[in-house]
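Next come the chains, spelled out residue by residue.
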Amino acid sequence: MRFRGSAHFASAVGVVLGLLCAVEAAKVNKHKPWIETTYHGIVTENDDKVLLDPPLIALDKDAPLRYAGEICGFRIHGQNVPFDAVVLDKSTGEGVIRAKDKLDCELQKEHTFTIQAYDCGEGPDGANMKKSHKATVHIQVNDINEYSPVFKEKSYKATVIEGKKYDSLLKVEAVDADCSFQFSQICNYEIVTPDVPFTIDKDGFIKNTEKLSYGKERMYKLTVTAYDCGKNRASEDVVVKISIKPTCKPSWQGFNKRIEYEPGTGSLALFPSVHLETCDEPITSVRADIELETNHIGKGCDRDTYSEKSLHKLCGASSGTVELLPAPSSSANWTVGLPTDNGHDSDQVFEFNGTQAIKVPEGLVSTSLKEPFTLSVWMRHGPGAHEKETILCNSDKTEMNRHHYSLYVHNCRLILLLRQDPSEAENYKPAEFHWKLDQACDKEWHHYVLNVEFPTVSLFVDGNTFEPFLVTEDYPLHSSKIETQLTIGACWQGGNARMAQFFRGNLAGLMIRSGKLENKKVIDCLYTCKEGLDVQLPEEVASAVKVEFNPNQSSMTVEGDDIDAFDKVMQHISYLNSRQFPTPGIRHLRISTSVKCFNEESCVSVPDAEGYVMVLQPEEPKISLSGIDHFARSAAEFESQEGVTLFPELRIVSTITREVEADAESEAAEGADDDPTVQETVVSEEIMHNLDTCEVTVAGEELDGEHEGLELDTSQLQQHGLEMSSSNLGLVVTGVNTMANYEQVLHLIRYKNWHTEALFDRKFKLVCSELNGRYISNDYKVEVNVIHTANPVEHANNAMVQPNFINPVHHASVDLSGHNLVNAHQASVVPSAATVVIVVCVSFLVFMIILGVFRIRAAHQRTMTDQESGKENEMDWDDSALTITVNPMETYEDQHSSEEEEEEEEESEDGEEEDDITSAESESSEDEEGAEPEDQQAASRQQQLEWDDSTLTY
């Protein structure tokens, strides 16, 4: 019992002790770990170790108990925190913070997060672990100099004026991508290019170290580099271009002194890139006068050089115009002795030096002074002596020196004298009309038109109207039967039989015509130039700039206050020449500029800009006349009412020849071995243009008007607007018209001769020209032979027909299937002196021919072909009777045998055939080339005969 009680007591004590032990064990991990409240750390980019201040250490009051007094880890709180916290010693609680990956300062310089420590709890399983409070961690990422400076621009440009030193020309700037101040700052710039007069400071400002000269160097190219504060050099250096401008002088920039104009290209911009440099001076307005100098071209500028009469027609003036100073020709020869200006491409200009004068043929001017009439003239006259200088004068031919009417210059005055014819009323009437004109003595060409409708006279000078400042009166002339003499360049003194009051200057286009020339459009047309200045105003500047032209558009004025708009208008000014064949040469060009500024004292002055337009030589046309140049007709046709057509197959063609560069691709295709010196190819191209004159002249003796002449249907001429004049030398067709119309008219020219007994041939020459003789055709010569027949017989069947034209052409076969002999006449003529010799041969020829006829009929041969000579004859026979007509040709053939033989050989080689050759001609030519002498004799006989065998019996 005693032991049993002790056991119970011991078990109770054990229970109590166990409970006490359990309570004590429960109180082992009773403290939380402790850390600092704030940490500051530094980490270098591209490294993972963080240096913390203070160091990362966690403390636990449960130490040195195992587990409870140990630190098992650190926990970081935050989103995307690139750090980890690691425990280095559990017992001491020491730890570190490390970067998970390499950090980039340029992406994020600082990181902030919270950290918390926890112990190991009560055992290995970490049960009942305790956490510390949360501490804030600030970590700064330190930069390394990983980036080099980079310039903001790829290149830099600056423009400076010579002769100045600048504090700063321009600034270059580089940047660095590093995040730190030290490594991201540019500490230095440097000019790498050696020996240049420039320097650069640490801020990138470039300046010149000496005054720059435009003549020495127009542009400098500098290479510049940069360094950051970590001494890293720029990855790429930069180029700096500094242009040197000459000292600013107000002037026209972009002005080309030589401008080439190619004929036929329309308008050409004269100043496409021009700009007015005003050196930044504030300007209120600009005025520019553009002048195209054409005074040395023709009569003041480029105009059509047709005759004045043709120009009047082209401009719409009515007919009745008489040209007093025409170009010398066979029909107008009174101007032959006058010196002319041959340097103006056939623009007919006559020079009067104070000693020359001409008399106008009688009957040329039929204008009545009682009716309205017009005088017009081109005149260039300088300041002369104080004497009268006569342009046109109509005075007494003999006995007296009275001037009926005249036009003269005296002391820069143009004066028209107009004395009235005798009348019943002997009253004063206007007699002299005076105009004081600067144009009359300025040595320039001017166009004068005087409309006379007595008692008033109106004057147009270059299209502008002028009223007389003085009109004097005089009595009408006394009645007289003395004839008058019309002169040009002086006045004829009939009483002294000499010229007086000579003119000194140049005249052209002197005209007189019936009726007034009141139409201003016609007058302007006569005066207007074919070349001049033009401008197409852009819409955006049309209202901002004022543009004015002079009448002939050789000068213009541009005025405005907007420099940009002003430049645009200047860039649209062009030169235009509407002639198909303009006069080549230089036209000087000048721009005179005046500028107004806000400050008149310092206003700029713009010097004149001078250049020239070079009008290139136009491609010269070659006018070719071609057709039948040798034919024969019977004498009866020459004597007929219609006559003989001279140019039935005339063809007028004009071509130009130009050199064209060879095609490079075609040359390459032909191979590399081709001749490299062949650079251009000549190409002929047919063109169309007008003609203004065609002249037919007779070769040899002049035309005898009593029994021969040239005729042309005047109605056809009028229909084409052409005129004709004729003389014993030939015929001249004038007027501006197309080549086709001239062809049609020339086809109609006929030659008639009423006495052909002693006529065997007549030769004519045709020449056509354009622009008053500037371009002249070839001489087209035509020879017409007269075929004389002995004892002409009328044929009942009308089988004998004369050929229209006969030319030497070879035929290849002979056709005798018909019964009539056609085309048996030969195109040459036998002088009558040979008739006796031929008659002797006739009897022998008759015998031979009759014998031949019997043989032909007996053999029933229809066709004969000579294989050796290849000749062909066409002979149609009617054997009902035989009549022999003799055409004496032998002497003429002897004279021309060598010439015809050469022509026939050339035609035989070319193989050309014409339909209008007789069989006798073909046989003759073949015989001359290679037949036996006997064949030649037979052929010669046959050529002299014309057959009609209607009366021949066998």
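Residues numbered from 1 in each chain as written. Predicted model: local features only at pLDDT ≥ 70, side-chain atom pairs only at ≥ 80, totals over all residues. Heavy atoms only, no water.

1. Comments concerning unusual backbone geometry
Excluding glycine, a negative phi dihedral is what most residues carry, and trans is how most peptide bonds are arranged. Applicable threshold: Secondary structure is summarised from DSSP: a helix means a run of H or I of at least four residues, a strand means a run of E of at least two, and numbering begins at the N terminus for each. Burial classes: relative accessible area under 20% of the type maximum marks a residue as buried, over 50% as exposed, and values in between as partly exposed (1.4 Å probe, protein chains only).
With an omega of -5 degrees, the peptide bond between D53 and P54 qualifies as cis. Looking at where P54 falls in the secondary structure, it is placed in the loop between strand 2 (51-53) and strand 3 (56-57). For the bond from F454 to P455, the omega torsion is 15 degrees, close enough to zero to count as cis. Locating P455 in the fold gives a position in the loop between strand 31 (445-453) and strand 32 (456-461). Phi is positive for C279, close to 55 degrees, though the residue is something other than glycine. Topologically, C279 is positioned in the loop between strand 21 (275-277) and strand 22 (283-293). At E399, a position not held by glycine, the phi torsion is positive, near 70 degrees. Position of E399 relative to the elements: it lies in the loop between strand 27 (389-396) and strand 28 (403-409). Using a relative accessible area of 63% as the deciding quantity, one classes E399 as exposed.

2. Looking at helix 5 (residues 563-571)
The condition that has to hold: Polar contacts, as used here, are pairs of N or O atoms within 3.5 Å; protein pairs need one atom able to donate a hydrogen and one able to accept it. Residues neighboring in sequence count only if both atoms are side-chain atoms.
Among all positions in helix 5, only I563, A565, F566, D567, V569 and M570 are buried. A side-chain oxygen of the first residue of helix 5 lies 3.0 Å from the backbone nitrogen of D564; this N-cap is D562.

3. Concerning the side chain of D692
Condition: Residues scored as charged are limited to Lys and Arg (positive) and Asp and Glu (negative), so that His and the chain ends carry no count. Salt bridge, as used here, is a side-chain nitrogen of Lys or Arg placed within 4 Å of a carboxyl oxygen of Asp or Glu. It only takes one pair of heavy atoms within 4.5 Å for two residues to be counted as in contact.
Take D692: it is sitting in strand 50 (residues 690-699). Of the side chains with opposite charge, R579 comes closest to the buried, unpaired D692, at an N-O distance of 9.0 Å. Engagement of the side chain of D692 in a polar contact is seen with the backbone nitrogen of L771, the distance being 3.2 Å. What D692 contacts, discounting residues up to four positions off in sequence, is Y306, V733, T734, G735, V736, Y742, S769, E770, L771 and N772.

4. Details of the state of the cysteines
Defined as follows: By disulfide we mean two sulfur atoms from cysteines, separated by a distance within 2.5 Å.
As enumerated under the stated definition, the model contains 10 disulfides in all. Two residues share a disulfide in this structure: C248 and C279, whose sulfurs sit 1.7 Å from each other. On the sign convention where negative is left-handed, the bridge of C248 and C279, at about -105 degrees about the S-S bond, is left-handed. In this pair, C248 sits in the loop between strand 17 (238-245) and strand 18 (251-253) while C279 sits in the loop between strand 21 and strand 22, placing the two residues 31 residues apart along the sequence. Exposure remark for C248: the relative accessible area of 28% places this residue in the partly exposed category. Shown here is the disulfide that connects C412 with C441, its sulfur atoms set 2.0 Å apart. Handedness here is read from the sign of the S-S torsion; for C412 and C441, about 115 degrees, the answer is right-handed. With C412 in the loop between strand 28 and strand 29 (413-418) and C441 in the loop between strand 30 (429-436) and strand 31, the pair connects residues that are 29 residues apart, well separated along the chain. With a relative accessible area of 24%, C412 lands in the partly exposed category. By relative accessible area, C441 is classed as buried at 14%.

5. Comments concerning the environment of L222
Within the secondary structure, L222 is located in strand 16 (residues 219-228). Assessed through its relative accessible area of 0%, L222 is described here as buried. Separated by 15 residues in the primary sequence, L222 and D237 place their C-alpha atoms 9.9 Å from one another. Sequence-distant contacts of L222, defined by excluding residues within four places in its chain, comprise T193, V196, F198, V238, V239, V240 and I242.

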